[in-house]
Amino acid sequence: MQYSELLDVFNLRFINNVKFSGQYDLPVIYANGNIQEIQNIVSFNYYNTIRNKANYYVHFYIDDYQFERIWKQPMRYIQILKQFKGVICPDFSVYKNMPKAQQIFQVYKQRLISALMQNAGINLIPNLTWSDVNSLDWILEDFPKHSVIALSTNGCLNKEVKQEFIECYKKAISMIQPLQIIIIGTVPDEIKDDERIVGIKSQIEYLHNLDKRSKM
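Right, let's walk through the structure included here. (Residues numbered from 1 in each chain as written. Predicted model: local features only at pLDDT ≥ 70, side-chain atom pairs only at ≥ 80, totals over all residues. Heavy atoms only, no water.)

**A word on the pattern of salt bridges**
Next up, step 1: Enumeration according to the criterion identifies seven salt bridges in this entry.
Next up, step 2: Notably, a salt bridge pairs Lys109 with Glu68, separated by 3.3 Å at the nearest N-O pair. Taken together, the residues Lys109 in helix 4 (residues 100-119) and Glu68 in the loop between strand 4 (57-59) and helix 2 (69-72) connect sequence positions 41 residues apart.
Next up, step 3: Since its relative accessible area comes to 6%, Lys109 is described here as buried. (Salt bridge = Lys/Arg side-chain N within 4 Å of Asp/Glu carboxyl O. Helix = DSSP H or I, 4+ residues; strand = E, 2+ residues; numbered from the N terminus. Buried < 20%, exposed > 50% of the residue type's maximum accessible area, 1.4 Å probe, protein only.)

What follows is the structure in structure tokens.
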């Protein structure tokens, strides 16, 4: 990494090749209109364990510290991710107890890295995220409509937050009208009848099932 890149902690060197839109000048990403057939998927922190990369999709539904490095060195990891079949947008966490400025910056990071991935020709699946129902108005202001999208239910289905998750999910889906909805994790009963949904086990569920089988 060059010295000038070390100084550019905001990745300003990339913004001339990205379009911005909306009240907060978020980087624009484009719809993915191709229905995805996902058989193999791996979380970013395990990408280097995969041999047949062209058969796998990569997701970022893991703790932020495990992929913050992609913000610090985006082009290094984009070159690696180009070897995979597809990538779900990085999922920098957005929590409702964060100051709004921090929420906006987290979404900005997600969108900028995603725009750079699309510019590099990566088969990118937009990631749906929110902090609460009110955040959807600005997060989805220029979010791709009529697209294949993805989201995760990890940590969203306990009794304290499940109802809010369902409320936000239904509002978001009505706003963006996706072609296909890839859900990493458990698909709640309240929405499982939607034929657009493709459910995929999360890394936690996969490892839990392996542990259960090993004890049988």
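**A look at the sheet that holds strand 5 (residues 86-88)**
Next up, step 1: Reading across the sheet, the four strands line up as 3-4-5-6 and stay open at both edges, with parallel pairing between neighbours. Only two strands of the sheet have a single partner each, and these edge strands are strand 3 (41-43) and strand 6 (124-125).
Next up, step 2: Summarising the sheet, strand 4 and strand 5 pair through two bridges and their orientation is parallel. Bridge pairing links Val58 to Val87 in strand 5. (Pairing = 2+ DSSP bridges.)

**A short note on the packing of aromatic side chains**
Next up, step 1: Tallied over the entire structure, the rule returns 13 aromatic pairs.
Next up, step 2: Ring geometry for Phe44 and Tyr47: centres 5.2 Å apart, planes at 35 degrees, overall tilted.
Next up, step 3: A relative accessible area of 9% places Tyr47 in the buried class. (Phe/Tyr/Trp six-rings, centres within 6.5 Å; stacked < 30°, edge-to-face > 60°.)

**Regarding the nonpolar core**
Next up, step 1: Leu81, Met117, Trp130 and Tyr169 are the most contacted members of the largest nonpolar core, which has 53 residues in total.
Next up, step 2: Only helix 2, helix 3 (74-81), helix 4, helix 5 (136-139), strand 7 (148-152), helix 6 (162-176) and strand 8 (180-184) provide two or more residues apiece to this core.
Next up, step 3: Ranked by residues supplied to this core, first place goes to helix 4 with eight residues.
Next up, step 4: Sequence-distant contacts of Tyr169, that is, excluding residues within four places in its chain, are made with Trp130, Leu151, Ile181, Ile183, Ile191, Asp194 and Ile197.
Next up, step 5: Of all hydrophobic cores here, the second largest spans eleven residues; its members include Ile41, Tyr57, Ala150 and Ile184. (Core = buried A, V, L, I, M, F, W, Y, C linked by side-chain atoms within 4.5 Å. Contact = heavy atoms within 4.5 Å.)

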